[in-house]
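Overview (structure and organization)
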Amino acid sequence: MKKILFMAAMIACTGIYAQDKKTSILLNPNQVITINSQSTQKANMGMGMETNSNNTTVVESKVTALGKDNYTIHSKIKRMVIEADMMGNHSSFDSDKKEDLESDMGKAIAPLLEEDMVATLDKNSGEWKAEKKAEENKEENPLEEMMTAISGSSPQGLSGGIYFQLPADFKVGTAWSESKSVKDIKSTTNYTVKSVTDNIVVVGYTSTMVGTTQTEMQGMQVDVDIDSKSSGEITVDSKTSLVKKKSSKDDINSTLNMGGQSMPITTSVETTTSFQ
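So, here is what we can say about the structure in this document. (Residues numbered from 1 in each chain as written. Predicted model: local features only at pLDDT ≥ 70, side-chain atom pairs only at ≥ 80, totals over all residues. Heavy atoms only, no water.)

1. What about unusual backbone geometry?
- The backbone of Asn30 sits at a positive phi, close to 65°, despite the residue not being glycine.
- Assignment of secondary structure puts Asn30 in the loop between β1 (9–10) and β2 (32–44). (Helix = DSSP H or I, 4+ residues; strand = E, 2+ residues; numbered from the N terminus.)

2. With respect to the side chain of Thr240
- Mapped onto the elements, Thr240 comes out in the loop between β11 (220–237) and β12 (242–258).
- Within the structure, Thr240 has its side chain in polar contact with the backbone nitrogen of Leu242 (distance 3.2 Å).
- Beyond its immediate sequence surroundings of up to four residues, Thr240 is in contact with Ser24, Ile25 and Leu26. (Polar contact = N/O pair within 3.5 Å; in protein donor to acceptor, adjacent residues only side chain to side chain. Contact = heavy atoms within 4.5 Å.)

3. Side note on the pattern of salt bridges
- For the structure on display, the rule yields 5 salt bridges.
- Measuring nitrogen to oxygen at the nearest pair gives 2.6 Å for the salt bridge that ties Asp94 to Arg79. You can see Asp94 sitting in strand β5 (residues 89–94) and its partner Arg79 sitting in strand β4 (residues 70–86), a full 15 residues away along the chain.
- Its salt-bridge partner being Asp251, residue Lys249 comes within 3.2 Å of it at the nearest N-O pair. (Salt bridge = Lys/Arg side-chain N within 4 Å of Asp/Glu carboxyl O.)

4. Some thoughts on the packing of aromatic side chains
- With the rule as written, the count across this model stands at 4 aromatic pairs.
- With a centroid separation of 6.2 Å and an interplanar angle of 40°, the aromatic rings of Phe164 and Trp176 are classed as tilted. Of this pair, Phe164 sits in the loop between α3 (142–151) and β8 (175–182) while Trp176 sits in strand β8, placing them 12 residues apart in sequence. Pair check on accessibility: Phe164 and Trp176 agree, each one buried.
- Clustering of aromatic rings is evident, with ring pairs tying together Phe164, Trp176, Tyr191 and Tyr205.
- For Lys123, the ring lying beneath its charged end belongs to Tyr71, and the centroid distance is 5.1 Å. (Phe/Tyr/Trp six-rings, centres within 6.5 Å; stacked < 30°, edge-to-face > 60°. Buried < 20%, exposed > 50% of the residue type's maximum accessible area, 1.4 Å probe, protein only. Lys NZ or Arg CZ within 6 Å of the ring centre and 35° of its normal.)

Okay, structure coming up:
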């Protein structure tokens, strides 16, 4: 499950300063980055409905065009593995297995595996713009809709995490904050440089996200209240702004409100991601 990743507007306060100048993002033509993400998730939906899952997702992102100020990047899920236990029932899925692709779960996940996400990335600002999907031909996918409702984002956030921009004059102890409001959701992330070894920088962070969003599940509007806290570390190459690895722990409290009924969901997710 992917959480919402906000590209931030900077704010200044005591001991934390706005990131006016940032390291640039350097990518090469036809460069391929493989993102391997492994996560352990525990979710409690009340009434004895508990789910434990171990998930592995491998994404391949390729730089397909270089503009004067931006890159065009194509991203696609190359493999997805899911092991889940819910109310004593075990289920598994491996996209490399033909029999799994032909199962009910495989048919639900297939659109995610087939989709090629295209986005442009600004070399200097780090602004990320995904191309819009053709809504007229888009079929409903209950699995994607549920994941979007619970996490606040599509499971195909894909390559948004390949880069991380540092303040231009960073050093050990440098701290800054990013805040963003999108519709009725507000997020704040605080960063601190923990270590610098040559061009490899380790940054620790904590973040909060609070608010309400709306989505649709099988044609019905769902209001989702979200209150989450996250923490982790990011290891980044300061010369290119490309991330080497990232670890995170997310505690998400959400409530799905639909048709006069409410479903509280408490989710804990621990994720380790490598970028090669």
